[in-house]
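# Inside the fold
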Amino acid sequence: MEPSPRVRRTLSAAFIVVALAVATLIGGHLHSYGVPFTLITSCVLAVLSSALWLLSQVEAAYFSAVHRCTVKGCTFQVRVQHVDAAENRRWQEVAAAHPTHHAV
């Protein structure tokens, strides 16, 4: 069951606020050691961009369905989001019947 868009936006906003707080805390610590402003800015932006990337990866993992090939050792998979039951079933069948099998 996928949560409502409102719940999803709230969770995303909360994560961004936490990331901003952590970045600000790191910036404050760096400032107390006399680090130049430009270096503090680049560190804070790096923390924020990493946090946003992590958020997108967590959302993709949590809010999507993954269908894998049923052949043992095959690594083929299909990840779908925001599809109805019929479309979800179609992609499940595609994953099970794909023509090439990739072993690890």
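The notes below deal with the structure included here. (Residues numbered from 1 in each chain as written. Predicted model: local features only at pLDDT ≥ 70, side-chain atom pairs only at ≥ 80, totals over all residues. Heavy atoms only, no water.)

### As for the overall build of the protein chain
Helices and strands together make up the secondary structure of the protein chain, namely three helices and two strands. The secondary structure elements of the protein chain, listed N-terminal to C-terminal, are α-α-β-β-α. The C-alpha atoms of the protein chain give a radius of gyration of 20 Å, which is well past the 13 Å a tight globule of 104 residues would have. For the protein chain, the C-alpha atoms occupy an extent of roughly 60 × 35 × 15 Å along the three principal directions. (Helix = DSSP H or I, 4+ residues; strand = E, 2+ residues; numbered from the N terminus. Rg over C-alpha atoms; globule rule 2.2 N^0.38 Å.)

### Observations concerning helix α1 (residues 5–32)
At 3.6 residues per turn, the α-helix brings residues three or four places apart onto the same side. For α1, spanning 28 residues, the distance from its first C-alpha to its last is 40 Å, which sits close to the expected 40 Å at 1.5 Å a residue. Burial in α1 covers these residues: Arg 8, Ser 12, Ala 19, Ala 23 and Gly 27. Residues of α1 that are buried sit in contact with α2 (37–62). Of the residues trailing α1, Gly 34 is marked for its positive phi of about 80°. (Expected span 1.5 Å × (residues − 1). Buried < 20%, exposed > 50% of the residue type's maximum accessible area, 1.4 Å probe, protein only. Contact = heavy atoms within 4.5 Å.)

### Some words on the nonpolar core
Residues Ala 19, Ala 23, Val 35, Ile 40, Val 44, Leu 48 and Ala 51 constitute the largest nonpolar core, which totals seven residues. Listing elements by their share of this core, those giving two or more residues are α1 and α2. Here the element with the most residues in this core is α2; it accounts for four residues. Among all residues touching Leu 48, those that are not within four sequence positions of it are Ala 19, Leu 20 and Ala 23. (Core = buried A, V, L, I, M, F, W, Y, C linked by side-chain atoms within 4.5 Å.)

### As for a nonpolar patch on the surface
On the surface, Trp 53, Leu 54, Val 58 and Tyr 62 cluster together into a nonpolar patch covering about 480 Å² of accessible area. As for its position among the elements, Val 58 is in helix α2. Overall, the relative accessible area of 47% leaves Val 58 in the partly exposed class. (Patch = residues over 30% accessible without salt bridge, like charges linked within 9 Å, V, L, I, M, F, W, Y side chains within 5 Å. Areas by Shrake-Rupley, 256 points an atom, 1.4 Å probe, with all protein chains shown as cover. Salt bridge = Lys/Arg side-chain N within 4 Å of Asp/Glu carboxyl O.)

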